[in-house]
Amino acid sequence: MEYTVVEWRDGQPYSPEFDDRYFSANDGRGESEYVFLQKNELSIRFSSAEKFVIAETGFGSGLNFALTLKLWSETAPPDAQLDYIGIESAPLSPDDIKRVVELWPECEHFFFSWLAHYPLPVPGHHVCLLADQRVRLHLVFMDVQEALTQETLQVDAWYLDGFSPAHNPQIWNQQVYHLLAQNSAPAATLSTFSAAGGVRRGLQAAGFVVTKCKGHGDKREMITAKYSATSQLQNRQPPWFRLPVFLPATKHAVVIGAGLAGLTVAWALIQRGWKVTLVDKYPTVAGAASGSPAGLVMPRFSVDDNLDARVYRAAFLYALSQLNALQAVYAESHPGKYLWRDEGVFAELSQSRAQQMLAGDHTSAEYVRELVGEGVSGMTQREGSSLLSVPCAGWASPGLVCRTLLTLCKNNLNFIQADITALHQAESTWQALAAAGDVIVTGDLMVLANGVGANRFTQSEYLPVGSVRGQLTELELKPTAQLTDSGYSGEHYLVPSLDHTATYYCGASYHPDDPCPDLRHSDQQNHLDFVMSDFPGCFEIPDSLTGFVGFRAVSEDRLPVVGPIPDVDWYTREYTDIKHGKPESKYVSAEYLSGLYISAAHGSRGLTTSFLAAELIAAQVEATPLPVSSEICAGLSPARFLIRRLKRGV
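We now turn to the structure provided with this report. Here the structure is a predicted model, which is why all the values come from computation and not from measurement. (Residues numbered from 1 in each chain as written. Predicted model: local features only at pLDDT ≥ 70, side-chain atom pairs only at ≥ 80, totals over all residues. Heavy atoms only, no water.)

1. Digging into the overall build of the protein
Quick reminder of the rule: Put simply, DSSP marks the helices as runs of H or I at least four residues long and the strands as runs of E at least two long, and each gets a number from the N terminus on. The buried label goes to any residue with under 20% of its type's maximum accessible area, the exposed label to any with over 50%, and the partly exposed label to all in between, with areas taken from a 1.4 Å probe on protein chains only. Contacts: residue pairs with any heavy atoms within 4.5 Å of one another. Residue exposure ignores everything except the shown protein chains as possible cover, and the areas themselves are Shrake-Rupley values with a 1.4 Å probe.
Counting its secondary structure elements, the protein contains 17 helices and 32 strands. Reported as C-alpha extents along the three principal axes, the dimensions of the protein are approximately 80 × 60 × 50 Å. Burial status across the protein gives 57% buried among its 650 residues. In the protein, of all internal contacts separated by at least 6 residues, the share reaching a separation of at least 24 is 75%. Surface summary for the protein: the accessible area is close to 25,800 Å², and the carbon and sulfur share equals 49%.

Structure, rendered in structure tokens:
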């Protein structure tokens, strides 16, 4: 995917692909306000909304969103939450959007607030947090029909703003109209500039009551509609992956684990109005694996864009926006200092794997490109390999990230040092118990984020999560070395210190079920062999053991475990015969341990995946639009392991 080509005619953006303008040349802002904001009666609806969901088919220049954000800031209650889903198969470039902003400088604040987070042109879901985290912009870069087929939304207001039906039939068809209905909340409204008879009849056939009204300016007619069907929203997820409805009595959560997984969950919940008690057996945050001095933030590459690649791409792009926001906060109190560097990572892959991956439509030159005929100063490229540049990737200090999140949580978070050994559900609350059986803390919501200890509890012991010992080696760059100041990923990874001193970190070893907490000569020698081969003459050879040892939680399929924890006994009883291949419609929706969630098994990529996992849990708990597709949600679900076993008859 690449940003779409835009032609500028008489100072207005024009799509040569669809042979149409992006908005009215006479009064684009006025038409957007009239057609979408006024005709969906958003001013009065915003004023009484606690939560509101808008979806737009054809995000285009973002004009409709900027105007919606402006109206929301003027009319919505201070604690209200807005989710705006903009679906776009041909995204504009940031430069073209900036030219649009020049047409309405009085609205530039409402453009630039999200344009700073505008994603790279890669397919999938991209989430931007705005307006003090009260507004979530979901940019979905894919075909409308594909996007809506993957969702089970409850949209309150629809903007149908694709190019005209005559020029863009893939947006204006009966299948899309039915998908709009299936993703509509009760009494959802819809508006569009179009008054075409086919659009009117198609919406009516899908269950909308359609009204023709006066169009904007000299346009004679337009359409508004209201969803009137009484049927329930169609949930297209398999029953065993359908999410529970969680109705807590209060908004108090207990998060077990004060590393990256735990603090990102705490922060995501606090942004939605929760109070959090954070519990860890160590006296400070980042006391275990998250205490590592450095780690890479980058995607995982795949030749066929499989589920793993889609998970890590979505997580990586979300992590970028979160880390950049945290860096801005950190720099305020630590001028000139960094908790994260976005100065790029070079990745070495086999030539065949690199070529297959780059040939797919799931990437772009802005996301990753091959360095053809270009070397990297100080590095010796291996024979038969390709060197890729990931320009927006980087490296960070997990500990600094954790401590910055702790600062942001302020008095909404209470930290308790305690070793939790058991969980107990007492009516609608969860109790965290110490070894002696003492109740340490209770909460309506309990989230397990304690790494290698995540499956130590009766409720989670079925999870196939193991421990992997990883060792980093600390190295010093020689004064004469000419090494490009970036991160490197290949057989091992290598990252500079955040303050660009001569210190580098090489890692990480991988030893499953190895409990040794001490630095090991053999691991350090393995790292030294790597740097002497790939970066010859660049580093001093240490005469002692230097580095860090951490224990990472890893699942059997190497993906994180994120979401509500299932009722194992119920699953085993109700889904025991799915191995026979009965239709999914024969099964009822899953039962979960109400209020018990998990974010774990982030492995060596917690800096990349923890932020998205936290936002996913917060969205599930609050029943707001998810930051990922339903496929990715199911791929991370703690229930996936039960279903695989039941399908195998184990």
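2. Regarding the sheet that holds strand β1 (residues 7–9)
Selection rule: Between any two strands, at least two bridges found by DSSP are needed for them to pair.
With antiparallel pairing, three strands are arranged side by side in an open sheet as β1-β2-β3. Each of the sheet's edge strands pairs with one partner strand only, and the pair in question is β1 and β3 (20–21). Two strands pair when backbone bridges link them, and β1 and strand β2 (residues 12–15) are joined in this way by three bridges, in the antiparallel orientation. Residue pairing in the sheet places W8 in a bridge with P13 of β2.

3. Topic: the packing of helix α10 (residues 307–333) against helix α15 (residues 606–622)
Convention followed: Think of each axis as a best-fit line through the C-alpha atoms, taken over the contacting stretch in the case of a helix, with angles from 0 to 180 degrees between the N-to-C directions. These descriptions rest on fixed angle ranges, namely under 35 degrees for roughly parallel, over 145 for roughly antiparallel, 65 to 115 for roughly perpendicular, and the rest for oblique. Three categories are distinguished: nonpolar for Ala, Val, Leu, Ile, Met, Phe, Trp, Tyr, Cys and Pro, charged for Asp, Glu, Lys and Arg, and polar for the others, with Gly belonging to the last.
At their nearest, the axes of α10 and α15 sit 7 Å apart, and the two run at 90° to each other. Judged on the interaxial angle alone, α15 and α10 are roughly perpendicular. Counted together, Y312, A314, A315, F316, Y318, A319, Q322, L323 and L326 of α10 and L607, T608, T609, F611, L612 and E615 of α15 form the full contact between these two elements. Across the contact of α10 with α15, the residue classes break down as eleven nonpolar, three polar and one charged.

4. A closer look at the pattern of salt bridges
Put simply, the rule reads: Any Lys or Arg side-chain nitrogen found within 4 Å of a carboxyl oxygen on Asp or Glu counts as a salt bridge.
If you walk through the whole model with that rule in mind, you get 22 salt bridges. Here R469 makes a salt bridge to D523, at a shortest N to O gap of 2.6 Å. Placement of the pair is R469 in strand β25 (residues 465–476) and D523 in helix α13 (residues 521–534), with a sequence separation of 54 residues. Residue class for D523 comes out buried when judged on its relative accessible area of 5%. A salt bridge links R520 to D514; the shortest N-O distance between them is 2.9 Å.

5. Focus on the pairing of strand β11 (residues 221–227)
With five of its seven residues buried, β11 lies for the most part within the structure. Relative to β11, strand β9 (residues 184–192) runs antiparallel, the two sharing four bridges. Each residue of the ladder has a partner; that of L190, found in β11, is A225. As judged from the seven bridges shared by strand β10 (residues 208–214) and β11, these two strands associate in the antiparallel manner. Residue pairing for β11: V209 is matched across the bridge by K226.

6. A few points about the pairing of β25
Where β25 meets strand β30 (residues 547–555), nine bridges bridge the pair, whose relative direction is antiparallel. Each residue of the ladder has a partner; that of L472, found in β30, is F548. When β25 meets strand β29 (residues 511–512), the two strands line up antiparallel, connected through two bridges. Within the sheet, the bridge partner assigned to V468 lies in β29 and is P512. Strand direction decides the pairing type here: β25 and strand β28 (residues 503–507), joined by four bridges, are antiparallel. Following the sheet pairing, L475 is matched in β28 by Y504.

7. Notes on the environment of P564
Looking at the element boundaries, P564 is found in strand β31 (residues 561–566). We classify P564 as buried; its relative accessible area is 4%. Sequence separation between P564 and I598 is 34 residues, and the spatial gap between their C-alpha atoms is 6.5 Å. Residues in contact with P564, not counting those within four places in the same chain, are L243, P244, Y592, L596, Y597, Q620 and P638.

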